[in-house]
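# Geometric and topological summary
Residues per chain, in single letters:
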Amino acid sequence: MHNVTAMVGAGVLSLPYAMSQMGWGAGVTVMLLSWIITFYTIWQMVEMHEMIPGKRFDRYHELGQYAFGEKLGLWIVVPQQIVVEVSTCIIYMVTGGKSLKKFQEILFPNAKPIKLTYFILIFSSFQFILSHLPNFNSISSVSFVAAILSMTYSAIAWTVSLKESGREVSYGPTSEKTSDNVFMFLSALGNVAFAYAGHNVVLEIQATIPSTEDAPSKKAMWKGVLTAYIIVALCYLPVAFIGYWAFGNGVDDNILLTLHTPTWLIATANIFVVAHVIGSYQVYAMPVFDMIETYAVKSLRYKPSTILRVCVRTVFVAFTLVVGMTIPFFGGLMGFFGGFALAPTSYYLPCIIWLIIKKPRRFGLSWCTNWLCIIVGVLLTLTSPIGGLWSIIKSAKTYRFYT
C-alpha cells in the first residue's frame, strides 16, 4: 500500500493533458516507455537493497555512498532526493487545495467564491497534525486508505470521460506558434516523469520489512512492487488515453476539472483526491523529517527530543505551504520538477549505480539496457524543466498572487 500510495499520486490527473501536448504517437510511446524503464529501475533498487551479505541499504543515499564513495555519494543522491520529496509535497499542497476548491464549487455553485489560498491552508492543517506521527509504520492505515482512494478516483476519471465522450474534439497542435508547441511538449515529458515517483522512497519502504537469510526482504518487496506497478498501469493508461480521446486539446491540466456530470460523482472523486494526497504527502515527507532530524542530532549536536521533532516538522510543512500558495501552477510545477528532480532518481541513477556495483559485461544485454535508460533519462532531465519553467512563467503573467 505504501508503494501504491507513493506511485499513484496526483500525477495521474495530468496525464491526459500531457497527452494533449504530445499527440497520439509520441504520447503513447512516452507513456509505455516510461512505465517499462521505471519498472526496470525499481526492480534494480529492490535487488540492490541487500546485495551485500549482512548489510541493508535502508536509504537511497546509503546505496549511493556505496557506489560513489562516502562523500561523493552523499552529495550526488541527497540533494536530488530532497528536491524530489520537497517538490512533491509542494505539488500535493496545490493539488489538495485545488481539489477542495472544486469540491466546494460543485456542492455550492451559487456561493461566494473563496480564494484558492484558503483551501490550501485548510489542506495544510491536516499535514501539520499528521507530520508528528513517528514513522512509516504509524501511517500504514493512512497509506491503505490513500491507495484505495487513488485507484477509485482514477477509475472515476476515465469512466466519466468515457461517458462524456462523443463531442467534436481536436487532436492537432494546441497553439499556432511552433515554439509554444515545443515548450508544451517538453513540459508534458516532465508531467509523465512526475507520475513515476516511487523510487525515492522504495528503499525506506523496504527497510520496514523484516529480513532473514531464508526470507530476504526483497522477496516480499518484489511482490509489493509488482502488484503496485500492475495497479499503476491500470490507473495511468486508461486515464491518459481515454481522457485525451474524450476531450482532445480541451482537457485541463487536471482531468477532474474538465469533467461535469454526474456532479455528485465528480465531487466524490475530488474529495478522494484530497484524502489520497493527505497520505501521499506524509509518505514523501517522512524521509525528509528523518534526514533533517538525523543531521541535527549527529552534525549540529542537538539532543533528540520532542521539541526538535515538533520544530523541524512544523517548519517543513509551513515552508511547503508558503511555496504552494505562492506558485499554485499544477501543470507547470509538475513539468519542471518532473524532469529536474524525478527523472534522475527514477530513470537513470539506479542504472548508473547498477553499472558501478554489478559491473555487467560490456555490450551485454544488461549493459546496453542500462545505458539506454541513462540516455533517455538524461535527455528528459535536460529538456523537460525548460518546458515546465516556460509554463510557470506564462501562467504567472496573468495570475494575481495569493488569490
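To be clear, the structure that these remarks concern was listed above.
First, a word on scope: everything that follows refers to the structure included in this document. Everything numeric in this text was worked out from a predicted model, so none of it was measured.

Tallying each qualifying case throughout the model produces 18 aromatic pairs. On the numbers, 5.5 Å between centres and 15° between planes, the contact of Phe183 with Trp390 is stacked. Pair noted here: Phe183 is in helix H7 (residues 178–194) and Trp390 is in helix H14 (residues 365–397), with a separation of 207 residues, a long-range link. These aromatic residues form a ring-pair network of at least three members: Trp35, Phe39, Tyr196, Trp222, Tyr229 and Tyr236. The residue whose ring lies beneath Lys358 is Trp354, and the NZ or CZ to ring-centre distance is 5.2 Å.

Here we take up the nonpolar core. Counting 117 residues, the largest nonpolar core has Tyr236, Phe316 and Ile353 as its most contacted members. If we ignore the near neighbours within four places in the chain, the residues touching Ile353 are Met48, Tyr60, Leu63, Gly64, Ala67 and Phe68.

Right, let's talk about helix H11 (residues 263–298) for a bit. Spanning 36 residues, H11 covers 53 Å between terminal C-alpha atoms, matching the ideal 52 Å at 1.5 Å per step. The largest bend along H11 measures about 30° and falls at Ala285, with the proline Pro287 one to four residues further on.

For the rest of this paragraph, the subject is the pattern of salt bridges. Scanning the entire structure with this criterion turns up 6 salt bridges. The shortest N-O distance in the salt bridge between Asp290 and Arg59 comes to 3.0 Å. With Asp290 in helix H11 and Arg59 in the loop between helix H2 (15–48) and helix H3 (60–68), this pair connects stretches of sequence that are 231 residues apart. Residue Asp290 is classed as partly exposed on the basis of its relative accessible area of 30%. With a shortest N-O distance of 2.8 Å, Arg313 and Glu293 are connected by a salt bridge. Here Arg313 is found in helix H12 (residues 306–326), whereas its partner Glu293 is found in helix H11, with 20 residues between them in sequence. For the pair Arg313 and Glu293, one class covers both residues: buried.

Rules used throughout
- Residues numbered from 1 in each chain as written.
- Predicted model: local features only at pLDDT ≥ 70, side-chain atom pairs only at ≥ 80, totals over all residues.
- Heavy atoms only, no water.
- Phe/Tyr/Trp six-rings, centres within 6.5 Å; stacked < 30°, edge-to-face > 60°.
- Helix = DSSP H or I, 4+ residues; strand = E, 2+ residues; numbered from the N terminus.
- Lys NZ or Arg CZ within 6 Å of the ring centre and 35° of its normal.
- Core = buried A, V, L, I, M, F, W, Y, C linked by side-chain atoms within 4.5 Å.
- Buried < 20%, exposed > 50% of the residue type's maximum accessible area, 1.4 Å probe, protein only.
- Contact = heavy atoms within 4.5 Å.
- Expected span 1.5 Å × (residues − 1).
- Bend = angle between axes of the 7 residues up to and from the residue.
- Salt bridge = Lys/Arg side-chain N within 4 Å of Asp/Glu carboxyl O.

Read these as geometric descriptors, not functional statements.
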